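Letter by letter, the chains look like this.
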Amino acid sequence: SDTHRAYSYNEAATAVSTVPGGLFDGDSVRCVGTVFISDGKRMNLSICESVAKNGAKRLTRFQYGADGKLVREEVAGTGIYEGLVTTGTVKEVVPTTEIQPGVTTFCNQLTGTYKMK
């Protein structure tokens, strides 16, 4: 309906750091998620697994906070990502574009802080 919608998604990406070689640069990312929109309020839960070139993995949760901003939280990590703690938000910087039926392209900017073990 116009006031209630829900959908799920499965996406794959490559992370690109603003500084070449920076944190997460070149990591392969795969996410699954669900979105529910009710009376203009958006709720979601996304879980992403990222794999670094050296095989280290991290699991990240993305959810909308009470303020309506999309926030991220590291759930677990292996190798260099073991004990990683991040805080931050996500902002769309390139509009979502459908490049073929069922396939879209977009770019999100993640900002915040991190602490390595």
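Rules behind the numbers
- Residues numbered from 1 in each chain as written.
- Predicted model: local features only at pLDDT ≥ 70, side-chain atom pairs only at ≥ 80, totals over all residues.
- Heavy atoms only, no water.
- Helix = DSSP H or I, 4+ residues; strand = E, 2+ residues; numbered from the N terminus.
- Polar contact = N/O pair within 3.5 Å; in protein donor to acceptor, adjacent residues only side chain to side chain.
- Contact = heavy atoms within 4.5 Å.
- Patch = residues over 30% accessible without salt bridge, like charges linked within 9 Å, V, L, I, M, F, W, Y side chains within 5 Å.
- Areas by Shrake-Rupley, 256 points an atom, 1.4 Å probe, with all protein chains shown as cover.
- Salt bridge = Lys/Arg side-chain N within 4 Å of Asp/Glu carboxyl O.
- Buried < 20%, exposed > 50% of the residue type's maximum accessible area, 1.4 Å probe, protein only.

**Some points on unusual backbone geometry**
Here is step 1 of the chain: Residue Phe24 is not a glycine yet carries a positive backbone phi of 75°.
Here is step 2 of the chain: Checked against the element boundaries, Phe24 lands in the loop between β1 (4-14) and β2 (28-38).
Here is step 3 of the chain: Non-glycine residue Asp39 carries a positive phi angle of around 50°.
Here is step 4 of the chain: Position of Asp39 relative to the elements: it lies in the loop between β2 and β3 (41-51).

**Quick look at the side chain of Thr60**
Here is step 1 of the chain: Of note, Thr60 is situated in strand β4 (residues 57-64).
Here is step 2 of the chain: Reaching out from Thr60, the side chain makes a polar contact with the side chain of Arg58 at a distance of 3.4 Å.
Here is step 3 of the chain: With residues up to four places along the chain from it excluded, the contact list for Thr60 reads Ser46, Ile47, Cys48, Arg72, Glu73, Glu74 and Val75.

**Describing a nonpolar patch on the surface**
Here is step 1 of the chain: The grouping of Val32, Leu45, Ile47, Leu59 and Val75 at the surface amounts to a nonpolar patch, some 350 Å² of accessible area in total.
Here is step 2 of the chain: Classification of Ile47 by relative accessible area gives partly exposed; the value is 32%.

**Comments concerning the pattern of salt bridges**
Where charged atoms from two side chains of opposite charge approach closely, those side chains can pair.
Here is step 1 of the chain: Applying the stated criterion to the full structure yields four salt bridges.
Here is step 2 of the chain: Glu49 serves as the salt-bridge partner of Lys57, at 3.9 Å between the closest nitrogen and oxygen.
Here is step 3 of the chain: Judged by relative accessible area, Lys57 falls into the partly exposed class, the value being 37%.
Here is step 4 of the chain: Taking the shortest distance from any N to any O, the salt bridge between Glu74 and Arg58 comes out at 3.4 Å. On the criterion of sequence distance, the pair formed by Glu74 in strand β5 (residues 70-77) and Arg58 in strand β4 is long-range, its members being 16 residues apart. Here the two residues Glu74 and Arg58 agree in accessibility, since each one is buried.
Here is step 5 of the chain: Connected via shared salt-bridge partners are Asp27, Arg58 and Glu74.

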